[in-house]
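Close look at the chain arrangement
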Amino acid sequence: MLSFKQYLNEEVEGSLSIFDIDDTLFHSKSKVLVKKDGKTVKELEPAEYNVYKLESGETYDFSQFRSSKIFYDTARPIETVFKLAKRMIAQFGKYVNKKIIIVTARSDLDNKNLFLKTFQKYGFNTDKVHVYRAGNISKPGAEAKKQIIRDQIKVGKYNIVRMFDDDHNNLNKFLDLAKEFTGIKFEAFAITKQGQIQRYG
């Protein structure tokens, strides 16, 4: 993968960098509940949810992912990715043509300020990064993220767009955008369970 200096030096023009939250920037104890007949039958980690197929009569309950308190109390940074994001925010903030955003599968949380305090207590500057919530869009998660990223590309002037995410479905949809924006370089990075950053695709 590129060193941090290479991130800075190669970008003569504009860049857009996109970070996921769950299992990318943070590990937390938020789980997706699987309900059947009004009872919880399974509790899924984000990685498990990404590949889970609902059985007959089952529905998802995302209430834990809307709880800012659970996020604040249990979220811990994934150091490799978190440090990279913080350095990029600090350095790229000097340039109007370098933008960093967060695109999460979560919908609106119940306490925005407490949610942002989770980032702030670990030194993450939330004043410079907007959090886009794909869970507010009535589409499957990967498609919703793709829509947000497409909209962001359209309003910017970028020659490089990068995405950091643990879910390969999200990364595949992201790379599909290269067919629409042929003049832009797309780079995808997968975050492993061990917190390693690996070039993808």
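Scroll up a little and you will see the structure.
Residues numbered from 1 in each chain as written. Predicted model: local features only at pLDDT ≥ 70, side-chain atom pairs only at ≥ 80, totals over all residues. Heavy atoms only, no water.

A word on the sheet that holds strand β3 (residues 32-36)
Strand order across the open sheet formed by 3 strands is β4-β3-β5, with antiparallel pairing between neighbours. Strands at the two margins of the open sheet, each flanked by one partner only, are β4 (39-44) and β5 (58-61). The mean inter-strand angle of the sheet, taken between neighbouring strand axes irrespective of direction, is 30°. Here 4 bridges tie β3 to β5, and the two strands are oriented antiparallel to one another. Across the sheet, Lys36 pairs through a bridge with Glu58, a residue of β5. (Pairing = 2+ DSSP bridges. Helix = DSSP H or I, 4+ residues; strand = E, 2+ residues; numbered from the N terminus. Axes fitted to C-alpha atoms, helices over the stretch in contact; angles between N-to-C directions.)

Digging into the packing of aromatic side chains
As enumerated under the stated definition, the model contains 17 aromatic pairs in all. Plain terms: the ring middles of Phe82 and Tyr122 are 6.4 Å apart, the flat faces sit at 85° to each other, and that makes the pair edge-to-face. Placement of Phe82 in helix α4 (residues 79-92) and of Tyr122 in the loop between α5 (112-120) and β8 (130-133) is noted, with a sequence separation of 40 residues between them. The structure contains a cluster of three or more aromatic residues connected by ring pairs, namely Phe26, Phe71, Phe82, Phe115, Phe119, Tyr122 and Phe124. A cation sits over an aromatic face here: Lys98 above Phe92, 5.6 Å from the ring centre. (Phe/Tyr/Trp six-rings, centres within 6.5 Å; stacked < 30°, edge-to-face > 60°. Lys NZ or Arg CZ within 6 Å of the ring centre and 35° of its normal.)

Details of the pairing of strand β1 (residues 15-19)
With 5 of 5 residues buried, β1 is to be regarded as a mostly interior element. Burial along β1 is two-sided: Ser15, Ser17 and Phe19 facing one way and Leu16 and Ile18 facing the other are all buried. Here β1 pairs with strand β7 (residues 98-104) via 5 bridges, running parallel. By the bridge assignment, Ile18 is partnered in β7 with Ile101. (Buried < 20%, exposed > 50% of the residue type's maximum accessible area, 1.4 Å probe, protein only.)

So, α4
Between its first and last C-alpha, α4 extends 19 Å over 14 residues, near the 20 Å set by a 1.5 Å rise per residue. For α4, the set of buried residues is Val81, Phe82, Leu84, Ala85, Met88, Ile89 and Phe92. For α4, the angular spread of the buried residues around the axis is 165°, confining them to a single face. Counted as exposed and oriented over 90 degrees from the buried face of α4: Lys83 and Ala90. (Expected span 1.5 Å × (residues − 1). Arc of directions from axis to C-beta.)

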